[in-house]
Amino acid sequence: MSQVHSLSRIAGHLRHGGQPPDNPGMEARIAQLEALAEKTGDRLSAIDKQLIRIEARQEEFTKHYATKADLTDAKNSIIMWVVGAVFLAQLLPGLLKKFGL
């Protein structure tokens with residue numbers, strides 16, 4: 001079961017006006033966290049600017065360079081040409097012989 005404590009007993013142990021007894025350097029730690037948050041915000045702004053530039057150049061990039069889909073299409077086309085050529089090379093002599101050429 002849970003214990004119920006009287007608030008008046010706990011309130012007697014707390015200091016009045018000042019920092020809590022278990023956090024003597026709290027203000028300094030909060031100041032460090034605020035400075036870190038400001039630096040993080042600046043870094044995020046720089047990253048956002050870089051992403052905007054990358055997205056702007058992405059369209060130009062895809063115009064001049066092959067994408068993965070382009071390479072897949074080229075590979076499939078080459079495979080179909082090779083398979084067709086091998087099939088035709090096997091079939092053509094029999095057809096020529098049949099027609100007497």
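Each remark here, short or long, concerns the structure printed above.
A brief report on the enclosed structure follows. These figures come from a predicted structure and were not determined experimentally.

The rules we used
- Residues numbered from 1 in each chain as written.
- Predicted model: local features only at pLDDT ≥ 70, side-chain atom pairs only at ≥ 80, totals over all residues.
- Heavy atoms only, no water.
- Helix = DSSP H or I, 4+ residues; strand = E, 2+ residues; numbered from the N terminus.
- Buried < 20%, exposed > 50% of the residue type's maximum accessible area, 1.4 Å probe, protein only.
- Areas by Shrake-Rupley, 256 points an atom, 1.4 Å probe, with all protein chains shown as cover.
- Expected span 1.5 Å × (residues − 1).
- Bend = angle between axes of the 7 residues up to and from the residue.
- Patch = residues over 30% accessible without salt bridge, like charges linked within 9 Å, V, L, I, M, F, W, Y side chains within 5 Å.
- Salt bridge = Lys/Arg side-chain N within 4 Å of Asp/Glu carboxyl O.

Attention now moves to the overall build of the protein. Per the secondary structure count, the protein includes three helices and zero strands. Element order for the protein, N to C, with α for helix and β for strand: α-α-α. Expressed as a percentage of the 101 residues in the protein, the buried residues total 0%. For the protein, the exposed area adds up to about 10000 Å²; of that, 63% sits on carbon and sulfur atoms.

With that settled, the discussion passes to helix 3 (residues 68–98). Given 3.6 residues to a turn, an α-helix orients residues that are three or four positions apart in the same direction. Over its 31 residues, helix 3 runs 45 Å from end to end, which matches the ideal 45 Å to within 8%, given 1.5 Å per residue. In helix 3, a bend of some 30° at Leu91 exceeds every other bend along the element, and Pro93, a proline, comes one to four places later. Remark: Gly100 follows helix 3 within two positions and exhibits a positive phi of approximately 75°.

On the surface, a nonpolar cluster with roughly 840 Å² of combined accessible area is contributed by Phe87, Leu88, Leu91, Leu92, Leu95, Leu96, Phe99 and Leu101. Position of Phe99 among the secondary structure elements: in the segment after helix 3.

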